[in-house]
Amino acid sequence: MKRRNFIGTSAAASVGFLTTSAVMANNENKNLSPKLKYNINHSVCYWCYDSIPFEDFLKHLVAMDIRSIDLVGPDEFPLLKKYNIHASMCWGAGKGIVEGWNDPKLHDELIADYERVIPLVAEAGYTNLICFSGNRNGMDDMVGLRNCAKGLKQLMPLAEKHGVVLQMELLNSKINHKDYMCDTSEWGVSLCETIGSENFKLLYDIYHMQIMEGDIIRNIQDYHQYYGHYHTGGNPGRHEIDETQEIFYPAVMKAIVETGYTGHVAQEFVPSWEDKLAALKQGVTICDV
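Residues numbered from 1 in each chain as written. Predicted model: local features only at pLDDT ≥ 70, side-chain atom pairs only at ≥ 80, totals over all residues. Heavy atoms only, no water.

**Digging into the environment of Ala279**
By the element assignment, Ala279 lies in helix 12 (residues 276–287). Take Ala279: its relative accessible area is 0%, and that puts it in the buried class. Considering only alpha carbons, one finds Ala279 and His239, 40 residues apart in sequence, at a separation of 9.3 Å. Residue contacts for Ala279: discarding those within four places in its chain leaves Glu240, Phe269, Pro271 and Trp273. (Helix = DSSP H or I, 4+ residues; strand = E, 2+ residues; numbered from the N terminus. Buried < 20%, exposed > 50% of the residue type's maximum accessible area, 1.4 Å probe, protein only. Contact = heavy atoms within 4.5 Å.)

Below, the structure written as structure tokens:
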């Protein structure tokens, strides 16, 4: 399932990245696990690798010692249990990215759907469930914020009861998701403060927020208490997070670790390499600070 359908320095540093690229691209090493420090809890979004059958992909994760996967739903939970892979961000409720909580006409349907899925997530032993603001469609941002808060507040008692955290993803409205409302940290943080529950957080997508606002490390430092999950991706292009793009991910990961964050960071870049698994291994290694 494609994501869009579900919901869509120094010379030394450069040399280090190039060396990592060469090693990870070597087919002879494809079955070797990187020696991970696990200061970062690594995960990966399956939609970026969905040309690989799901169960085969889980086997590769086991071989690479990647212990979590993002953007999976109840239908996938049995296979995750089989391979002891954690679901670090679940989906399966809602109407996708375009139609979301900013539209009051959808609240009854959305509430019923999330009331169905929240217990399934908790029963499986998972915590995070994604949600979306929806597109503006001419709506004022503050009106949309109040609408989101009104609907989501009705779910907080159930989420709190089951220990499930609803996480609204911050997405760019410039390139990939035109007109999407939850497109800045400031708006998302205001929504968190309005809802006022530890069971509502923001999914901070580093790629998307680099496009919309930049200042990634400062925002992580200032707003980390509102960020419940992180996604990666190289900008421009949303490909590998190495020297081919503009974000220096080791520094970003160190900033995340320094906040005391104990959640997951999921690779969500679309591999441009022929060997997609080698690209994934490189991304995890870069983030393993």
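**As for the packing of aromatic side chains**
Each aromatic ring pair is described using two quantities: the centre-to-centre distance and the angle formed by the ring planes. Considering all chains together, one arrives at nine aromatic pairs under this definition. Ring geometry for Tyr46 against Phe54: centres 5.0 Å apart, planes inclined by 80 degrees, an arrangement best described as edge-to-face. Neither residue differs from the other here; Tyr46 and Phe54 are each classed as buried. Residues Tyr230 and Tyr261 carry aromatic rings whose centres are separated by 5.0 Å and whose planes lie at 90 degrees to one another, so their mutual orientation is edge-to-face. Of this pair, Tyr230 sits in strand 7 (residues 227–231) while Tyr261 sits in the loop between helix 11 (249–258) and strand 8 (264–267), placing them 31 residues apart in sequence. When its relative accessible area of 0% is taken as the criterion, Tyr230 is described as buried. Its relative accessible area of 16% is what places Tyr261 among the buried residues. Aromatic rings pair up to connect Tyr46, Tyr49, Phe54 and Phe57 into one cluster. Here Arg67 stacks its cationic end above the ring of Tyr38, 4.1 Å away from the centre of that ring. (Phe/Tyr/Trp six-rings, centres within 6.5 Å; stacked < 30°, edge-to-face > 60°. Lys NZ or Arg CZ within 6 Å of the ring centre and 35° of its normal.)

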